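Chain residues, written in single-letter form:
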Amino acid sequence: MLFKAKVDKTFLLVIVLLVPRTSSGSRSHGDSDGFFENIKDIFENGGAVAVKLFVDKELNEWKDVRINLAVLGTSGTGKSSFINTVLGLTADDEGSAAVGVKETTENISEYPHPQYPNLVLWDLPGVGTPNFNRENYSKKVNLYRFDYFIFMTSDRFRDDDVWLAKQVNALGKLFYFVRNKVGQDIRNNKYDHPKSHSDAAVLDDIRHNCEHNLQKLNLDRKIQIYLTDLHEPEKYDFEKLMDQVISDAPEYKKEAIILSMTHLTNTLIDRKKEILSERIHYMSLLSGLTGAIPVPILDSAVDIGILTEEAMFYRAQLGLRDEMLEAFAEKSQMTIEQLTNNLDLQSRIIGLSAKGLVSYFTKKGMKKASTFTSAKFIKYLLPLFGNAVSGAASYAMTSWCLQDLLDVMVQDAIKINEYKMHWNN
Ligand SMILES: Nc1nc2c(ncn2[C@@H]2O[C@H](COP(=O)(O)OP(=O)(O)O)[C@@H](O)[C@H]2O)c(=O)[nH]1
Ligand SMILES: [Mg+2]
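No experiment lies behind these values; they were computed from the predicted model shown.

(A) Representation of the nonpolar core within the structure. Counting 88 residues, the largest nonpolar core has Phe82, Ile150, Leu318 and Leu405 as its most contacted members. Here this core takes 12 residues from helix H16 (residues 391-423), the largest share from any one element. Each of two domains, domain 1 (9-62 + 264-423) and domain 2 (66-260), supplies a minimum of three residues to this core. The contact partners of Ile150, leaving out residues within four places of it in the chain, are Leu69, Ala70, Val71, Leu72, Phe82, Tyr176, Val178, Leu241 and Val245. Within the second largest apolar cluster, 33 residues are counted, among which are Val162, Ala165, Ile225 and Leu227.

In structure tokens, the structure reads:
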């Protein structure tokens, strides 16, 4: 990104005065007053270069926050399937965990997220395999390095499982108990008891059984139980578990985990939206600071490179990249055009290129001119529109454009999620 080093000193101060007080807060300060006060200090001490460095750091810091999530359990319980579901991969994709492979010598395997390698899932063997036994387990698997433990079971709970669960519990880290393959139990029960079968009764039974097993461990804290079926992750407790994993994240890792998770629940969409909205302050500031080929939209000027880059980030974050939609369309037995039409996916009509965005906003601006000019801050900014490269106008226009793109994409992500839920019931 190009950067105009010499910025009129009054420019940032103008922004400080003009920014809407009602907009969402920054990550470091929680409110826009704090955000702009801080920017003002940085600018006064280090100039525009310092501001640019600060903004870049704030936008990208999360990529360096590592999250290690361990999945433990015996072979065949669904550990690899769990890892792939969290990573948004099928067993055929590159970087995925091999599924259904009966391992005779199990190992510790590491699976970084293909797009966000700061999130790493670990496949840890259970105890009682040729390589891992009670005597050597702790030494071979350094359990301290993990942030989370997901303990997978699918039928029996063996003595070795009891032993391992106690070891993990003793670490005092985030620990979740998963009973997987419950859809299979339901199907079997339906087959065995066609007259008396009830899904709820089967699930209750499984839950009680897990509670009973956990009680036997005599642990000093309550471990949550999640019933899942990884062939149907939208059903049962998988999404509840993922929401809990995010809620339980320590504050300093929260942003990283929210941005790195790709299995979208409605809660995750909300959380992503909140973080992406906060980034708008920073992106808009960059747009105001940069001298890179500003493109006039609606009498103002925005840095189209910044706009495009962030819009692509939204698209990836909200599961709307072409290949993601293609995979979903195929699963739902539709073409991508049918999916777009049936779900009325508005973001599909926006070309994420300089030309596409200019055309979209020019059309939209004409239609929406009244909404735009009524925005709280515009009355302050209008006098500045005379100057096509005014940083303050660029700030306001970038904010408006990004907010619009974010809203459209969030709507589409929600539509897809709702369709998935409907389709699975
Ligand atoms: N029906 C059903 N099958 C599952 C589920 N999870 C995994 N499997 C299947 O169980 C087998 C073993 O799964 P895998 O993920 O390789 O287990 P791992 O050995 O613990 O890594 C594979 O054939 C999976 O397709 C599930 O929730 N439901
Ligand atoms: Mg496996």
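(B) Spotlight on the site of ligand 1. Neighbouring ligand 1 are 17 residues, the closest being Gly76, Ser80, Ser81, Gly100 and Leu230. Contacts to ligand 1 include Lys79, whose backbone N or O atom sits 2.8 Å from an oxygen atom. One of the side-chain N or O atoms of Ser80 is found 2.8 Å from an oxygen atom in ligand 1. At the level of elements, helix H3 (79-87) and helix H6 (182-192) are the ones that each hand at least two residues to the shell around ligand 1. A breakdown of the residues in the shell around ligand 1 according to their chemical character gives 2 nonpolar, 11 polar and 4 charged.

(C) Representation of helix H8 (residues 238-247) within the structure. Within H8, 7 of the 10 residues are buried, which leaves the element mostly enclosed by the surrounding structure. Where H8 is concerned, the buried positions are Phe238, Glu239, Leu241, Met242, Asp243, Val245 and Ile246.

(D) The sheet that holds strand E5 (residues 174-179), seen in detail. Overall, mixed pairing links the 6 strands, which are arranged E2-E3-E1-E4-E5-E6 in an open sheet. Two strands in the sheet have a free side with no partner beyond their single neighbour: strand E2 (109-112) and strand E6 (224-227). Neighbour-to-neighbour, the strand axes of the sheet open up by a mean angle of 25°, direction not taken into account. Pairing of strand E1 (residues 67-73) with strand E4 (residues 148-153), which is carried by 4 bridges, proceeds in the parallel orientation. Bridge pairing links Ala70 to Phe149 in E4. In the packing of H3 onto the sheet, contacts are made with E1, E2, strand E3 (119-125) and E4, and the angle to E3 comes to roughly 175°.

(E) The arrangement of the confidence of the model for the protein chain in detail. Residues at a pLDDT of 70 or more form 81% of the protein chain, whose mean pLDDT is 83. Within the model, the stretch residues 1-26 combines pLDDT values under 50 with 67 contacts to residues more than four positions away or in other chains. Below a pLDDT of 50 lies the segment residues 366-389, which in the model reaches 27 contacts outside its immediate sequence neighbourhood of four places, other chains included.

(F) View of the environment of Phe238. In this fold, Phe238 is placed in helix H8. Take Phe238: its relative accessible area is 0%, and that puts it in the buried class. In this structure, the C-alpha to C-alpha distance between Phe238 and Thr85, residues 153 residues apart in sequence, is 9.7 Å. Excluding residues within four positions of it along the chain, Phe238 makes contact with Phe82, Thr85, Val86, Leu227, Thr228, Leu230, Pro233 and His263.

(G) Just the environment of Thr85, in detail. By secondary structure assignment, the location of Thr85 is in helix H3. With 12 residues separating them in the primary sequence, Thr85 and Ala97 have C-alpha atoms 10.0 Å apart.

Here is what the cut-offs are and how they apply
Residues numbered from 1 in each chain as written. Chains lettered and ligands numbered in written order. Predicted model: local features only at pLDDT ≥ 70, side-chain atom pairs only at ≥ 80, totals over all residues. Heavy atoms only, no water. Core = buried A, V, L, I, M, F, W, Y, C linked by side-chain atoms within 4.5 Å. Buried < 20%, exposed > 50% of the residue type's maximum accessible area, 1.4 Å probe, protein only. Helix = DSSP H or I, 4+ residues; strand = E, 2+ residues; numbered from the N terminus. Domains from an automatic or database assignment. Contact = heavy atoms within 4.5 Å. Near = heavy atom within 4 Å. Polar contact = N/O pair within 3.5 Å; in protein donor to acceptor, adjacent residues only side chain to side chain. Nonpolar A, V, L, I, M, F, W, Y, C, P; charged D, E, K, R; others polar. Pairing = 2+ DSSP bridges. Axes fitted to C-alpha atoms, helices over the stretch in contact; angles between N-to-C directions. pLDDT = per-residue confidence, 0-100.

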